[in-house]
Amino acid sequence: MTRILRLGVNIDHVATIRNARGGPDPDPVRAARLAAQAGADGIVAHLREDRRHISDSDMERLARDIDLPLNFEMAATDEMLEIALRHRPHAVCIVPERREERTTESGLNVIGGHNHLRRFIDELTQAGIRVSLFVDPEADQLDAAKQVGAPVVELHTGAYCAAQGWRQSRELDRLIAAAEHGAAAGLEIHAGHGLTFANVAPVAAIREVAELNIGHFLIGEAIFSGLDSAIRRMRAIMDKAVAESGNIRSA
Ligand code: PXP
């Protein structure tokens, strides 16, 4: 059977543009509906502590109005836990969050945050929510994720996307090794951050990766070609990479 590689479309930066003016447009929920029509398998939204893009009411409307699985990215705080338990999205991805950062710059320190994270993973899992941890591609972080009871990890692809030439090959090797290590430990493997038309194919070709989550580039590209076209093109590049990788496994 053909390997399935899901595309989660992150609509945070539609809200970034809206918030630049403070009115209702453009509406991230409209973007989520359009993403569904264009072939996205899921919608991703990050409710940050400072609400710099997605708002509480966006989250409420996404949970209520969108039929696709919703992946709610959040920091491990009691406030976010309460919101997640109220909306019960399909999935929660726990990410580190620092106020001064422009984006999620590195993965979680699962090793250092073990005791803190376990309570969040347990409560979310008991509510029927699939939990993933956003981690750098490092074997000891993946081992810690497994140990703390997370069924899924999302590998941070930022270092791979930012690197050039042989450094990028080295970062790709790290992603491949981490994906193999995590899958062998029984973790479902996702990946994301910084992916574009130009760099997505080698990550899509990693056999163990089941889902890619992509936002900023798609929303930026939508300015030039429209969101529908940007998502369809990303899907096509991912599907081609899967087909050409020859890495076929049962779905
Ligand atoms: N995955 C996670 C866990 C993220 O935090 C982000 C950024 O919000 C993404 C994927 C998407 O990254 P980008 O917007 O660079 O495509």
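Before any of the text, the structure's been laid out above.
What you see is a predicted model, and the numbers here were worked out from it, not measured in a lab. (Residues numbered from 1 in each chain as written. Predicted model: local features only at pLDDT ≥ 70, side-chain atom pairs only at ≥ 80, totals over all residues. Heavy atoms only, no water.)

### A look at the sheet that holds strand β4 (residues 91–94)
Part 1 of the reasoning: Spatially, β1-β2-β3-β4-β5-β6-β7-β8 is the arrangement adopted by the eight strands of the closed barrel, whose pairing is parallel. The average undirected angle you get between the axes of adjacent strands in this sheet is 25°.
Part 2 of the reasoning: Helix α5 (residues 110–126) rests against β3 (70–74), β4 and β5 (130–135) of the sheet, and its axis sits at about 160° to β5. (Pairing = 2+ DSSP bridges. Helix = DSSP H or I, 4+ residues; strand = E, 2+ residues; numbered from the N terminus. Axes fitted to C-alpha atoms, helices over the stretch in contact; angles between N-to-C directions. Contact = heavy atoms within 4.5 Å.)

### Structural notes on the side chain of E171
Part 1 of the reasoning: Here E171 is to be found in helix α8 (residues 165–184).
Part 2 of the reasoning: If we skip the residues at most four places from it in the chain, E171 touches A159, Y160 and A163.

### Digging into the site of the ligand
Part 1 of the reasoning: As a structural note, the neighbourhood of the ligand is formed by 14 residues, with E73, E154, G194, G215 and H216 the closest of them.
Part 2 of the reasoning: Here an oxygen atom of the ligand and a side-chain polar atom of N10 are 3.4 Å apart.
Part 3 of the reasoning: E154 places a polar side-chain atom, nitrogen or oxygen, 2.4 Å from a nitrogen atom of the ligand.
Part 4 of the reasoning: In isolation the ligand has 390 Å² of accessible area, and contact with the protein removes 95% of it.
Part 5 of the reasoning: Residue composition of the shell around the ligand, grouped by class: four nonpolar, seven polar and three charged. (Near = heavy atom within 4 Å. Polar contact = N/O pair within 3.5 Å; in protein donor to acceptor, adjacent residues only side chain to side chain. Areas by Shrake-Rupley, 256 points an atom, 1.4 Å probe, with all protein chains shown as cover. Nonpolar A, V, L, I, M, F, W, Y, C, P; charged D, E, K, R; others polar.)

### Thoughts on the packing of helix α4 (residues 78–87) against α5
Part 1 of the reasoning: Where α4 meets α5, the axes come as close as 10 Å, and the angle between the chain directions of the two elements is 10°. When the axes of α4 and α5 are compared, the pair comes out roughly parallel. In contact with D78, L81, A84 and L85 of α4, α5 contributes R119, F120, E123 and L124.
Part 2 of the reasoning: Classifying every residue of the contact of α4 with α5 gives five nonpolar, no polar and three charged. (Parallel < 35°, antiparallel > 145°, perpendicular 65-115°, else oblique.)

### What about the pattern of salt bridges?
Between side chains of opposite charge, a pair can form when the charged atoms approach closely.
Part 1 of the reasoning: Throughout the structure, instances matching the rule amount to 19 salt bridges.
Part 2 of the reasoning: Linking E211 and R6 is a salt bridge whose minimum nitrogen-to-oxygen distance equals 3.0 Å. Of this pair, E211 sits in strand β8 (residues 209–214) while R6 sits in strand β1 (residues 6–10); the two residues are 205 residues apart in sequence, bridging distant segments of the chain.
Part 3 of the reasoning: Relative accessible area serves as the criterion here: at 10%, E211 is assigned to the buried category.
Part 4 of the reasoning: Take R6: its relative accessible area is 29%, and that puts it in the partly exposed class. (Salt bridge = Lys/Arg side-chain N within 4 Å of Asp/Glu carboxyl O. Buried < 20%, exposed > 50% of the residue type's maximum accessible area, 1.4 Å probe, protein only.)

### Considerations on the packing of aromatic side chains
Part 1 of the reasoning: By the definition in use, this model includes one aromatic pair.
Part 2 of the reasoning: Ring geometry for F197 and F217: centres 4.8 Å apart, planes at 75°, overall edge-to-face. In this pair, F197 is assigned in the loop between β7 (188–192) and α9 (200–204) and F217 in helix α10 (residues 216–225), connecting sequence segments 20 residues apart.
Part 3 of the reasoning: The ring of F120 has R119 lying over it, and the distance from NZ or CZ to the ring centre is 4.7 Å. (Phe/Tyr/Trp six-rings, centres within 6.5 Å; stacked < 30°, edge-to-face > 60°. Lys NZ or Arg CZ within 6 Å of the ring centre and 35° of its normal.)

### Side note on the state of the cysteines
Part 1 of the reasoning: Taken as a whole and assessed by the stated rule, the structure comprises zero disulfides.
Part 2 of the reasoning: For the unlinked cysteine C93, the closest cysteine sulfur is that of C161, found at 16 Å. (Disulfide = S-S within 2.5 Å.)

Worth remembering: the numbers are spatial, not functional.
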